[in-house]
Amino acid sequence: MSVKPLLPEDVLGKPIVVLVELAYAGGTWRWSDGASPDDAPSAYLPMAEIAIDVVHPLLSSSPDNRVVPIEVYFPSDADIPALVEDGHDLAAATGEVAIWVDGRDYADRLVILRGRLQEPSYNDAGRVVGSLVENPYEDKAVFPEESAVITAETWPNRDHALDGRVFPWIFGSPGVYTAANGGGDAYTTGSPALLVDTVTGNGYLMIAGHQVDASTVKVFKLSGTNSPVSATLSVVHSKDALGRVVSIVQCEAGPGGVTKEAGANYWVRWNNGGGMPERHGSRAIRGGGELILWWLERSSIRFDPAVWGNVAAQLDSYVFGGFIDDFVTPWEMVMYFLDLLPVSVVSSPAGAAPIVWRSDLQGSDVTAEIVDGEGAEIEGDIQYEGRDVINELTLSFAARADSGDFLRTKTITGQPRLPQESRDVIRASFSRASYESFGVQAGSALESDWVWAEPTADQILRAKAAYYAFPRRVVTFVCDSSWAHLRAGQVVAVSSDRFSLDRRIGIVTAIAYIGALFRCSVQLQRSPSRPLAG
């Protein structure tokens, strides 16, 4: 759904109006703390002014529930005590909170949350008090579908030891990683293969529960105490007994080699193409942005496809590969990648939307300048936030699928360079500046079985080192309503004579609508070379 954003000219000289709707006992009631749209489905009742706070912590993949306390009065013909006694549970009421400015249509209201009325109370005068609460990231979808399991119905001639195993889904090229000496690719096991047909021909292994990009794969057979054997086998797209398209390879005839054997373990290296193909392209899905979009499209989460599409290219420089062979919620996978990428998710009127954090913001990225004393006043003190200063961090990656052992590590540090140092250690100006101020501040070690490429490992470490190198300064402004067009994630410049701020670049991280006033918090950018907006 396309949502018309607030523009500066929309809000100039106009208060921000909060609209509340409640659906209860088969009816819908509406309230407004100011004017109301003329084209609404029904008339609005008056209510006291409501303040709405929306906080968006940067680099957070697990946003909190959205909560807005409300106090409304139902009209006299809606007898709330009688409705409750008739079996209409007030705690089952649902509703929405939106903001609106005069001159816009009802359809152009910006919905802040849609949720359930929690812990309501009521009296005999029609007053209802409670909180509308929404968990916008509660994913009710499950992937893959329930029938993507090895059973007698899907593979009648299977190795019975595999009963109940979920079909593997492959992304990128797991099993191919950057060699430690920097000399090119190295190889290991990347995903499981399952012996699904022990009768036909030489027997068949399923390597993916879907069509894949690869034309051949390297397959390893591990049987008891015998030494592993391997072979390069051609990929065939076939169907299981229920008609689902899958990718299989035929075992070797023997004797010896990758032959069919019940109870043996088989593993795949994807070194000639990858898994799930791109929708528009000639290779397997592997970029961070396209992976997140792929999983969002399979979730029940409401999200903003236009905004995600715009930032996907920025995130696709992070290259991933991996597999799933169990049931997951798509949002669970989205959060996995968000934990590795410099991106946060926020709730927008169109649904979940990303904020990409960058350490290299420049004046050309600034979309607005907030000047203390010009329609906006700094509220209180400028606050340092974040005790989690980190200037040394290690990432383990390139995991063997058969054992889970990680074959590579990279460490970013701000400590002085050693005379003979491994290429597994990298340095960044942020980490060095942080080390000089705070000494060694080591973060918890990171691990990822979806990272294979050294450049991606480096990007992850550099982005996290830049963000956590210093405590973050946050400045909060109380503004007139002409600033209510600002949105979370917007890059702004901040100036204040009394705080010696001169076009300091920052990112909007929190907004609040309070009648004729608007409050926003800006996290100021920090870098060893101080960026200005001009």
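This one's a predicted model, so the numbers in the text were calculated from it and none came from an experiment. (Residues numbered from 1 in each chain as written. Predicted model: local features only at pLDDT ≥ 70, side-chain atom pairs only at ≥ 80, totals over all residues. Heavy atoms only, no water.)

**Re a negative patch on the surface**
Taken together, the side chains of Asp38, Asp39, Asp102 and Asp105 make up a negatively charged region of the molecular surface. Within the secondary structure, Asp105 is located in the loop between strand 6 (94-100) and strand 7 (110-122). (Patch = residues over 30% accessible without salt bridge, like charges linked within 9 Å, V, L, I, M, F, W, Y side chains within 5 Å. Areas by Shrake-Rupley, 256 points an atom, 1.4 Å probe, with all protein chains shown as cover. Salt bridge = Lys/Arg side-chain N within 4 Å of Asp/Glu carboxyl O. Lys, Arg positive; Asp, Glu negative; His and termini not counted. Charge placed at Lys NZ, Arg CZ, Asp CG, Glu CD. Helix = DSSP H or I, 4+ residues; strand = E, 2+ residues; numbered from the N terminus.)

**Quick notes on unusual backbone geometry**
In this model, Phe143 is joined to Pro144 through a cis peptide bond whose omega is -5 degrees. By secondary structure assignment, the location of Pro144 is in the loop between strand 8 (127-134) and strand 9 (169-171). A cis amide bond links Gly254 with the next residue in sequence, Pro255, at an omega value of 0 degrees. Mapped onto the elements of the fold, Pro255 is located in the loop between strand 17 (245-250) and strand 18 (265-269). Residue Glu119 is not a glycine yet carries a positive backbone phi of 45 degrees. Along the chain, Glu119 turns up in strand 7. A positive phi is found at Ala398, a non-glycine position, where the angle reads about 60 degrees.

**What to know about helix 6 (residues 429-438)**
For helix 6, the set of buried residues is Phe430, Ser431, Ala433 and Ser434. Buried residues of helix 6, seen end-on, are gathered within an arc of 165 degrees and therefore sit on one face of the element. The secondary structure elements touched by the buried residues of helix 6 are strand 26 (406-413) and helix 7 (454-468). Trailing helix 6 by a residue or two, Gly439 shows a phi angle of about 75 degrees, which is positive. (Buried < 20%, exposed > 50% of the residue type's maximum accessible area, 1.4 Å probe, protein only. Arc of directions from axis to C-beta. Contact = heavy atoms within 4.5 Å.)

**A look at the pairing of strand 26**
Relative to strand 26, strand 25 (residues 393-399) runs antiparallel, the two being bridged by 6 bridges. Residue pairing in the sheet places Ser396 in a bridge with Thr409 of strand 26. The antiparallel hairpin formed by strand 25 and strand 26 contains 6 residues in its connecting segment, where Gly404 sits at a positive phi of about 85 degrees. Bridge analysis of strand 26 against strand 27 (residues 425-427) gives 3 bridges, and the strand direction is parallel. Note on strand 27: the bridge partner recorded for Thr413 is Arg427. (Pairing = 2+ DSSP bridges.)

**Thoughts on the packing of aromatic side chains**
On inspection of all chains with the given rule, the structure shows 18 aromatic pairs. For the pair Phe171 and Trp294, a centre-to-centre distance of 5.0 Å together with 75 degrees between the ring planes defines the contact as edge-to-face. On the criterion of sequence distance, the pair formed by Phe171 in strand 9 and Trp294 in helix 3 (residues 288-297) is long-range, its members being 123 residues apart. The exposure classification of Phe171 matches that of Trp294, with both residues buried. What links up through ring pairs into an aromatic cluster is the set Phe143, Trp169, Phe171, Trp294, Trp295, Phe320, Tyr336, Phe337 and Trp450. The ring of Tyr106 has Arg109 sitting right over it, with the charged end atom 4.0 Å from the ring centre. Above the plane of the ring of Trp294 lies Arg298, whose end atom (NZ or CZ) is 3.6 Å from the centre. (Phe/Tyr/Trp six-rings, centres within 6.5 Å; stacked < 30°, edge-to-face > 60°. Lys NZ or Arg CZ within 6 Å of the ring centre and 35° of its normal.)

**A short note on the confidence of the model for the protein chain**
Low pLDDT means the predicted coordinates in that region are not meant to be read closely. Across the protein chain, the average pLDDT comes to 90, with 95% of residues at or above 70. Note on residues 528-534: pLDDT is under 50 here. Beyond four places in sequence and across chains, it has 20 contacts. (pLDDT = per-residue confidence, 0-100.)

**Comments concerning helix 7**
For helix 7, spanning 15 residues, the distance from its first C-alpha to its last is 21 Å, which sits close to the expected 21 Å at 1.5 Å a residue. Every buried residue of helix 7 is accounted for by Glu454, Thr456, Ala457, Asp458, Ile460, Leu461, Ala463, Lys464, Ala465, Ala466, Tyr467 and Tyr468. (Expected span 1.5 Å × (residues − 1).)

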